[in-house]
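Examination of the molecular architecture
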Amino acid sequence: MPSPAIELRGVTKRFATPKGGIYTAIRDLTMEVAPGEFCAVVGPTGCGKSTLLHICAGVIPHFISGELSGSVKVMGQETADGSLARIAANLGMVAQDPENQLSAWRRA
Ligand SMILES: Nc1ncnc2c1ncn2[C@@H]1O[C@H](COP(=O)(O)OP(=O)(O)OP(=O)(O)O)[C@@H](O)[C@H]1O
Ligand SMILES: [Mg+2]
């Protein structure tokens, strides 16, 4: 078995809500994506698909702050260590509306 291209271990992501509460968008997620594997993430609105991609791409925690726990590795390297530029050398993310993706992150 080759090493995973993407590897999440026990990942939990919580967001602060406008009313001062805490919302758990992803809870204790463990998953792997192998090199060359085609992986579809499917689910209803608000179930955490974009949040998962933001975590894989390092946008969380480098750009969107807040509590993130667990281990996230892309090509064997923890995304929390180092820079977004280093992660981007191995993993790119294109949002559904690419023209809005940077401004959407800026608002986050
Ligand atoms: N930056 C943020 N700040 C606060 N809450 C957030 C943030 N990003 C996402 N959330 C919340 O996390 C949950 C998951 O959102 P996410 O955008 O990951 O869902 P999704 O599955 O991509 O939905 P959709 O199918 O509509 O694109 C939602 O309740 C959302 O409001
Ligand atoms: Mg989404």
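Just above, that's the structure.
Residues numbered from 1 in each chain as written. Chains lettered and ligands numbered in written order. Predicted model: local features only at pLDDT ≥ 70, side-chain atom pairs only at ≥ 80, totals over all residues. Heavy atoms only, no water.

Okay, the nonpolar core next. If you look at the biggest cluster of nonpolar residues, it comprises 19 residues, and the most contacted ones within it are Ile 6, Leu 8, Leu 52, Ile 55, Cys 56 and Leu 91. For this core, the secondary-structure elements that each account for two or more residues are β1 (6–16), β2 (22–33), α1 (49–57), α2 (59–62) and β3 (68–74). Among the elements that make up this core, the one with the highest residue count is α1 (4 residues). (Core = buried A, V, L, I, M, F, W, Y, C linked by side-chain atoms within 4.5 Å. Buried < 20%, exposed > 50% of the residue type's maximum accessible area, 1.4 Å probe, protein only. Helix = DSSP H or I, 4+ residues; strand = E, 2+ residues; numbered from the N terminus.)

Let us look at the site of ligand 1. Taken together, the neighbourhood of ligand 1 is formed by 12 residues, with Gly 46, Gly 48, Lys 49, Ser 50 and Thr 51 sitting nearest. One of the backbone nitrogen or oxygen atoms of Gly 46 is found 2.9 Å away from an oxygen atom of ligand 1. Cys 47 has a polar backbone atom sitting 3.3 Å from an oxygen atom of ligand 1. Burial of ligand 1 by the surrounding chains reaches 62%, relative to a free accessible area of 640 Å². Elements with a minimum of two residues in the shell around ligand 1: β2 and α1. It is α1 that contributes the most residues to the shell around ligand 1, 3 residues altogether. (Near = heavy atom within 4 Å. Polar contact = N/O pair within 3.5 Å; in protein donor to acceptor, adjacent residues only side chain to side chain. Areas by Shrake-Rupley, 256 points an atom, 1.4 Å probe, with all protein chains shown as cover.)

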